[in-house]
Amino acid sequence: MSVIKRKEGNQFDNTVKRVKEHFYLPTYVAKLTKWVKGSGPGYWYTFCPMCQKEETRTSKHKFWLNRDVCGCFNPNCKLFREHLGHCDVIGLHATLNGLTLSQAISDLAKRMN
């Protein structure tokens, strides 16, 4: 079995890095949920945007986030199930919009321009 080694600094890695830098997770989530409340230095919470989308707009499942990753406390949430409890801004965008991770990266990269 051969192992394919990825070159560091390739275009895909650079695109992922730029997307994550451009779409700051707390700001991205705040635009979806209309509010994010601080719960300590570098940590926030709000209502889960995926639970609100799947259930009702009044769903009150708690959603945690920091600068890099986020997650829902509801074990029945699609976001929780697909990402083992937490994900980054790319995983969140992919799950909310029914995209693969590659499609989400491409979509977010297009939105940067």
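Below: a short report on this structure. (Residues numbered from 1 in each chain as written. Predicted model: local features only at pLDDT ≥ 70, side-chain atom pairs only at ≥ 80, totals over all residues. Heavy atoms only, no water.)

## A short note on the nonpolar core
Phase 1 of the analysis: Core analysis: the largest hydrophobic core is formed by 27 residues, its most contacted members being F63, I90 and L92.
Phase 2 of the analysis: At the level of secondary structure, the elements contributing two or more residues to this core comprise α1 (11-22), α2 (25-33), α3 (49-54), β3 (62-65), β4 (70-72), α5 (89-97) and α6 (101-112). (Core = buried A, V, L, I, M, F, W, Y, C linked by side-chain atoms within 4.5 Å. Buried < 20%, exposed > 50% of the residue type's maximum accessible area, 1.4 Å probe, protein only. Helix = DSSP H or I, 4+ residues; strand = E, 2+ residues; numbered from the N terminus.)

## Remarks on the packing of aromatic side chains
Phase 1 of the analysis: Per the stated rule, a full pass over the model turns up three aromatic pairs.
Phase 2 of the analysis: Centroid distance W35 to Y45: 5.9 Å. Interplanar angle 90°. Geometry classified as edge-to-face. With W35 in the loop between α2 and β1 (37-40) and Y45 in strand β2 (residues 43-47), this residue pair connects regions lying 10 residues apart in the sequence.
Phase 3 of the analysis: Exposure remark for W35: the relative accessible area of 32% places this residue in the partly exposed category.
Phase 4 of the analysis: Exposure remark for Y45: the relative accessible area of 23% places this residue in the partly exposed category. (Phe/Tyr/Trp six-rings, centres within 6.5 Å; stacked < 30°, edge-to-face > 60°.)

## Let's talk about the packing of α2 against α5
Phase 1 of the analysis: One way to put it is that α2 packs onto α5 with a least axis distance of 10 Å and a crossing angle of 25°. Looking at the two axes, α2 sits roughly parallel to α5. The way α2 lies across α5 gives a crossing that is left-handed. The segment α2 lies against α5, with L25, Y28, V29 and L32 engaging V89, L92, H93, L96 and N97.
Phase 2 of the analysis: Class assignment of the residues belonging to the contact of α2 with α5 gives a composition of seven nonpolar, two polar and no charged. (Axes fitted to C-alpha atoms, helices over the stretch in contact; angles between N-to-C directions. Parallel < 35°, antiparallel > 145°, perpendicular 65-115°, else oblique. Left-handed = near helix turned anticlockwise from the far one by under 90°. Contact = heavy atoms within 4.5 Å. Nonpolar A, V, L, I, M, F, W, Y, C, P; charged D, E, K, R; others polar.)

## Let's talk about the sheet that holds β4
Phase 1 of the analysis: What the four strands build is an open sheet, ordered β1-β2-β3-β4; its pairing is antiparallel. What marks the edges here is a single partner per strand, and that holds for β1 and β4. Within this sheet the neighbouring strands show an average axis-to-axis angle of 30°, counted without direction.
Phase 2 of the analysis: Pairing between β1 and β2: three bridges, direction antiparallel. The residue of β2 that forms the bridge with G38 is W44. (Pairing = 2+ DSSP bridges.)

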